[in-house]
Amino acid sequence: MSGAAPVLFRTLPCRSKAGGGALIGVATLNAPATLNALSLEMIALLETQLAAWEADPAVVLVMLEGAGDKAFCAGGDLQQLYRSMREHHASPQSADPLANAYAREFFGREYALDLSIHTYAKPVLAWGHGIVMGGGIGLMAGASHRVVTEASRLAMPEVAIGLYPDVGGSWFLNRAPGHTGPFLALTGAALNAADAQFARLADYRLAHADKARLIDMLQSEVWAAPGTVAPPGANHHMLGAMLAKLQKAAPPAPASPLREHYDLINELCASGNFGDMVLRIASLESEDRWLQKAATALRKGSPGAAWLAVAIQQRAKYLSLAEVFQLELDVSLICAARPDFAEGIRALIIDKDMQPRWQPASLADVGEAWGEGFFTQLERKTA
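From a predicted model like this one, the values you see are computed outputs, not experimental measurements. (Residues numbered from 1 in each chain as written. Predicted model: local features only at pLDDT ≥ 70, side-chain atom pairs only at ≥ 80, totals over all residues. Heavy atoms only, no water.)

Enquirer: Tell me about the pattern of salt bridges, and name the residues and values.
Expert: With the rule as written, the count across this model stands at ten salt bridges. The salt bridge involving Glu-65 is made with Lys-211; its shortest N-O contact spans 2.6 Å. Of this pair, Glu-65 sits in strand S3 (residues 59-66) while Lys-211 sits in helix H8 (residues 211-220); the two residues are 146 residues apart in sequence, bridging distant segments of the chain. Taken individually, Glu-65 and Lys-211 each receive the classification buried, so the pair is uniform in this respect. Residue Glu-105 is joined to Arg-109 by a salt bridge in which the shortest nitrogen-to-oxygen separation is 3.0 Å. Taken as a pair, Glu-105 and Arg-109 lie in helix H3 (residues 101-118) at a separation of four residues, close to a single helical turn. For Glu-105, a relative accessible area of 34% gives the class partly exposed. The structure contains a network of salt bridges with shared partners spanning Glu-343, Arg-346, Asp-351 and Asp-353. (Salt bridge = Lys/Arg side-chain N within 4 Å of Asp/Glu carboxyl O. Helix = DSSP H or I, 4+ residues; strand = E, 2+ residues; numbered from the N terminus. Buried < 20%, exposed > 50% of the residue type's maximum accessible area, 1.4 Å probe, protein only.)

Have a look at this one:
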């Protein structure tokens, strides 16, 4: 799908029980050249249109999708964020995380958008086909109906760029089964469709070829409209039944490495102690390629980001969803003010030398006092 706008919006006609017409809102992330990486402009467009559709009584549900066949959304657009960090680090205000206006706006609006999807009054169907990473998972995680396909590949690989699984990751990874949450945060391990369902990051597994059939079904269904006599959540239930029916026709599920290694992962992360978990995972010896890649990613990633990935899950365990996003906003701004996040982007995305110079340089150098600095509540000035 082509077009100048980085997000394309359209409505599809459908039927309602009120006797009149109804609409399905479809938002298409339209940056296939960057695997639909989420920019600030895309965030602004989405927040405005989703709010309008939520308030429009004619719209009965919303669908989120990505342009092209490669990705739903491969994460945040890091280019401008990197430039803003470089400028902030070199400025007289480098000690103030709030002084980076771009980072403050980007993370603030991204997390607000993610929270709005979690709390959306109408069904939100996220078609998570292809690559879904970082900010893409943030968009998908809060949807009421999350679909993966045979080509879906999900990951939160932020440790590789000096960040932690944000966009609500401190919330949904805490709700992953067993001790898989800290394991996924430390390793950024890739998940297929079966893994995603097991990790509670997806609800339905459909064949990508059935997408057109699903849209036909959505348009043919008779939806409850505001003001009609209908049980609470009637449209959510009808959409779920429709997706469950299509799931029965999907090809057999692929093998799930996450489920296959579930007992081992629980053993590796059972103590909850950062140093113990890191030592066990990093020293893991296995002939299994999935486990090898997970251990290697931890060894190569930012030691500080690894510490933070575990610490923030522990801090967020008993917080509300809104409180989690507020905590993540402060922590992410502090990450942007410290060196590792910019250095990780430089090494992996800008210069692509794959030789990040982490600070601290090793896991042994990560001290509690240094780490606790991430959890300083930022004091925002009020008018």
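Enquirer: Which residues make up the sheet that holds strand S8 (residues 153-155), and what values go with them?
Expert: The strand order S4-S6-S8 describes an open sheet built from three strands, whose pairing is parallel. Each edge of the open sheet is held by one strand with a lone partner, namely strand S4 (71-73) and S8. Here the strands of the sheet are splayed against their neighbours by 15° on average, with no regard to which way each runs. Two strands pair when backbone bridges link them, and strand S6 (residues 131-133) and S8 are joined in this way by three bridges, in the parallel orientation. Each bridged residue has a counterpart across the sheet, and for Ile-131 the counterpart in S8 is Arg-153. (Pairing = 2+ DSSP bridges. Axes fitted to C-alpha atoms, helices over the stretch in contact; angles between N-to-C directions.)

Enquirer: With reference to specific residues and values, describe the pairing of strand S5 (residues 124-128).
Expert: Taken across its five residues, S5 has five buried, putting it largely inside the fold. Here S5 shows a buried face lined by Val-124, Ala-126 and Gly-128 and a second buried face lined by Leu-125 and Trp-127. Alignment of S3 against S5, held across three bridges, turns out to be parallel. Bridge pairing links Met-63 to Leu-125 in S5. Pairing of S5 with strand S7 (residues 145-148), which is carried by four bridges, proceeds in the parallel orientation. Counted as the bridge partner of Leu-125 is His-145 from S7.

Enquirer: Would you mind going over helix H12 (residues 274-282) in detail, with residue names and values included?
Expert: Those residues of H12 that sit buried are Phe-274, Met-277, Val-278, Ile-281 and Ala-282. Down the axis of H12, the smallest arc covering the buried residues is 115°, so these residues share one side. Considering only its buried residues, H12 is in contact with helix H6 (180-187), helix H11 (262-269), helix H13 (289-300) and helix H14 (303-316). Sitting at the head of H12, Asn-273 places a side-chain oxygen 3.1 Å from the backbone nitrogen of Gly-275. (Arc of directions from axis to C-beta. Contact = heavy atoms within 4.5 Å. Polar contact = N/O pair within 3.5 Å; in protein donor to acceptor, adjacent residues only side chain to side chain.)

Enquirer: Now, about the packing of aromatic side chains: what can you tell me, with residues and values included?
Expert: Describing an aromatic ring pair means giving the distance of the ring centres and the angle of the ring planes. Considering all chains together, one arrives at ten aromatic pairs under this definition. Relative to Phe-107, the ring of Phe-106 lies with its centre 5.6 Å away and its plane at 80°, an arrangement referred to as edge-to-face. Relative to Phe-325, the ring of Tyr-111 has its centre 6.0 Å away and its plane inclined at 40°; by these criteria the two rings are tilted. You can see Tyr-111 sitting in helix H3 and its partner Phe-325 sitting in helix H15 (residues 321-337), a full 214 residues away along the chain. Exposure class is identical for Tyr-111 and Phe-325. Each is buried. (Phe/Tyr/Trp six-rings, centres within 6.5 Å; stacked < 30°, edge-to-face > 60°.)

Enquirer: How would you explain the nonpolar core if you had to name every residue and give the values?
Expert: Residues Phe-183 and Phe-341 are the most contacted members of the largest nonpolar core, which totals 97 residues. Among the elements that line this core, the one with the most residues is H15, at ten residues. In contact with Phe-183, not counting residues within four places along its chain, are Gly-188, Ala-189, Ile-265, Leu-268, Cys-269, Ile-281, Trp-290, Leu-291 and Ala-294. Counting residues in each nonpolar core, the second largest holds 22 residues, with Tyr-204, Ile-215, Met-238 and Leu-246 among its members. (Core = buried A, V, L, I, M, F, W, Y, C linked by side-chain atoms within 4.5 Å.)

Enquirer: I'd like to hear about the pairing of S3, residue by residue, with values.
Expert: The buried fraction of S3 is high, at eight of eight residues. Summarising the sheet, strand S2 (residues 21-29) and S3 pair through seven bridges and their orientation is parallel. Opposite Leu-23, over in S3, you have Val-59 as the bridge partner. Each parallel crossover has a hand, and the one from S2 via helix H1 (residues 40-55) to S3 is right-handed. (Right-handed = clockwise from strand over helix to strand, strands pointing away.)

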